[in-house]
Amino acid sequence: MKLAVVGTGYVGLVSGVCFSEMGNNVTCVDINETKIQNLKKGVIPIYEPGLEPMVLKNMERKNLFFSTNLEEVIPNVDFVFIAVGTPTGEDGSADLKYVLSVAEEIGKKITKPLIVVNKSTVPVGTADKIREIIQKELSKRGKEIYFDVVSNPEFLKEGSAISDFMKPDRVVIGANNDVSIKKMKELYSSFFRTHDRFVVMDIRSAEMTKYASNAMLATKISFMNEIANICERVGADVNNVRLGIGSDSRIGYSFIYPGCGYGGSCFPKDVRALKKMAEKYNYKPQLITAVEEINNRQRLVLVDKIINKFGENLSGKTFALWGLSFKPGTDDMREAPAIYVVKELINRGAKVQVYDPKAMEQAKTLYFKNIKNICYSDYKYEALQQANALILLTEWKEFRSPDFNEIKSRLNKPIIFDGRNQYINYELEEYGIEYICIGK
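These figures come from a predicted structure and were not determined experimentally.

## Let's talk about the overall build of the protein chain
Regarding its fold elements, the protein chain presents 16 helices and 14 strands. On C-alpha atoms alone, the protein chain measures out to a radius of gyration of 24 Å, which is about the 22 Å that the 2.2 N^0.38 rule sets for 440 residues. Taken along the three principal axes of its C-alpha coordinates, the protein chain extends 75 × 45 × 45 Å. Put simply, the protein chain has 440 residues, and 53% of those count as buried. Pairs at least 24 residues apart make up 73% of the contacts formed inside the protein chain by residues separated by at least 6 positions. Of the roughly 20,100 Å² of accessible surface on the protein chain, 48% is carried by carbon and sulfur atoms. One way to put it: in the protein chain the 60 positive side-chain charges average out to a point 1 Å from where the 55 negative ones average out.

## Let's talk about the packing of helix α9 (residues 203-234) against helix α12 (residues 286-298)
Relative to each other, α9 and α12 sit at 55°, their axes nearing to 9 Å. By the criterion of interaxial angle, the relationship of α9 to α12 is oblique. In this structure, α9 meets α12 at a crossing whose hand is left-handed. Together, Ala 215, Ala 218, Thr 219, Ser 222, Asn 225, Glu 226 and Asn 229 of α9 and Leu 287, Ile 288, Val 291, Ile 294, Asn 295, Arg 297 and Gln 298 of α12 make up the contact between the two elements.

## Brief notes about the pairing of strand β4 (residues 79-82)
On any regular strand, side chains alternate: one points to one face of the sheet, the next to the other face. Neither face of β4 is exposed, since Phe 79 and Phe 81 on one face and Val 80 and Ile 82 on the opposite face are all buried. Relative to β4, strand β1 (residues 2-6) is paired through 4 bridges, and the arrangement is parallel. Looking across to β4, one finds that Val 5 is bridged to Phe 81. As paired elements, β4 and strand β5 (residues 114-118) share 4 bridges and run parallel to each other. Looking at the pairing, Phe 79 lines up with Ile 115 of β5. Taking the sense of rotation as the criterion, the β-α-β connection linking β4, helix α5 (residues 97-109) and β5 turns out right-handed.

## Notes on the pairing of strand β9 (residues 318-322)
The element β9 is largely enclosed, with a buried count of 5 among its 5 residues. Taking every second residue as pointing to the same face, both faces of β9 are buried, with Thr 318, Ala 320 and Trp 322 on one and Phe 319 and Leu 321 on the other. The sheet contact formed by β9 and strand β10 (residues 351-355) spans 5 bridges and is parallel. Looking at the pairing, Ala 320 lines up with Gln 353 of β10. Taken together, β9, helix α14 (residues 337-347) and β10 form a β-α-β motif whose crossover is right-handed.

## Here's the deal with a nonpolar patch on the surface
Residues Leu 243, Tyr 253 and Tyr 257 make up a contiguous nonpolar surface patch of about 310 Å² in total accessible area. Structurally, the position occupied by Leu 243 is in helix α10 (residues 238-246).

## Observations concerning helix α6 (residues 126-141)
The terminal C-alpha atoms of α6, which comprises 16 residues, lie 23 Å apart, in line with the 22 Å expected from a rise of 1.5 Å per residue. Every buried residue belonging to α6 is among Thr 126, Ala 127, Ile 130, Ile 134, Glu 137 and Leu 138, and all of these are buried. The buried residues of α6 all sit within an arc of 115° when viewed along its axis, so they share a single face. Of the exposed residues in α6, those oriented more than 90 degrees away from the buried face are Glu 132, Lys 136 and Lys 140. Looking at the buried residues of α6, the elements they touch are β4, α5, β5, β6 (147-151) and α9. Once α6 finishes, Gly 142 follows within two positions and takes phi at roughly 70°, a positive value.

Criteria and thresholds
- Residues numbered from 1 in each chain as written.
- Predicted model: local features only at pLDDT ≥ 70, side-chain atom pairs only at ≥ 80, totals over all residues.
- Heavy atoms only, no water.
- Helix = DSSP H or I, 4+ residues; strand = E, 2+ residues; numbered from the N terminus.
- Rg over C-alpha atoms; globule rule 2.2 N^0.38 Å.
- Buried < 20%, exposed > 50% of the residue type's maximum accessible area, 1.4 Å probe, protein only.
- Contact = heavy atoms within 4.5 Å.
- Areas by Shrake-Rupley, 256 points an atom, 1.4 Å probe, with all protein chains shown as cover.
- Lys, Arg positive; Asp, Glu negative; His and termini not counted.
- Charge placed at Lys NZ, Arg CZ, Asp CG, Glu CD.
- Axes fitted to C-alpha atoms, helices over the stretch in contact; angles between N-to-C directions.
- Parallel < 35°, antiparallel > 145°, perpendicular 65-115°, else oblique.
- Left-handed = near helix turned anticlockwise from the far one by under 90°.
- Pairing = 2+ DSSP bridges.
- Right-handed = clockwise from strand over helix to strand, strands pointing away.
- Patch = residues over 30% accessible without salt bridge, like charges linked within 9 Å, V, L, I, M, F, W, Y side chains within 5 Å.
- Salt bridge = Lys/Arg side-chain N within 4 Å of Asp/Glu carboxyl O.
- Expected span 1.5 Å × (residues − 1).
- Arc of directions from axis to C-beta.

Interpretation note: all reported values are geometric properties and have no functional meaning in isolation.
As structure tokens, this is what we get:
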């Protein structure tokens, strides 16, 4: 099949490349000329395991193309996927300006029957707005061209997005038209070798499913962090509690690891947007509000522990920090706990020496640009040199089993503040290292 994917961010690029991997003819469209020129040269704007070789392979096979001109692309495709960003607006709601701009462009350029598929995370009712805008532009042109709007939310995890797309748990299709449902099933059929995993529903339910899914996962994280904070105060060990409740099949072990809160491009934005959407319809979402408030507090839980150890004024203190990305397997630092921890430590007078396997460039050019008292290390042990303590914030594989003797020898004081409870099963006292974690 022939399709266009508008937006070459995380969702758009991964989706387009994976569709091309199955033999479809895919053109990824973006208004950012520099990004498109780089993609044509094989320069990938994001880090995602397996993405770069798949891009290069399908470009060589003539399955994958890149363009800045949607007008040239539309006459040659059967589907247009909208996969542009929906950033948080000033009031906390999802900003739809990019989505609606694409809809307007489609309405101006459509020349034949087309299925418009929205993959961006959008509030309930957005498909109706897309339909209205396209129809408005067609009416201005005096054209009657068949089109349909379908909701097809994405459920990709950064760090395993290729696998998630190629072997999906489910494909949610929100549509009110049997022809569109049939065409969507045909498009996705190559991803199901044994049995289909389509979940077909009305459009508004599909739009809501994405928010509900992310909010549920965020709730599990905030709930476990709340339990961890209670455990500290009553003398319980949250790791034991986690094992005790996770063994219940109704709960499971996923997303019940205590830490410094959730970050990334989805959970914070989508929880805020869901809260705002509920308030728009005069409903006060108490649970969703609490999930967000707990997460906001949890970002600085390690800073509180550092202050308890070293005092409010951290002038003259140096801290090593391992892990900047919001999770392992990505260079994405959007709303990562590291941003809040580093800035708070520096505001209190400390110097911070950081290391991350993939996110260093993001930190230098975006999140810590022009910030003084931060030093970027080329490898993990270099960051430890003469530091007063090590702070672990992202559970990258290379941090899982470090040389604790090396850590002790390089630190001024052998202290580890573990924001992911990565070393909770190690007997660090035997190495002469003081260990401070979450929920114990």
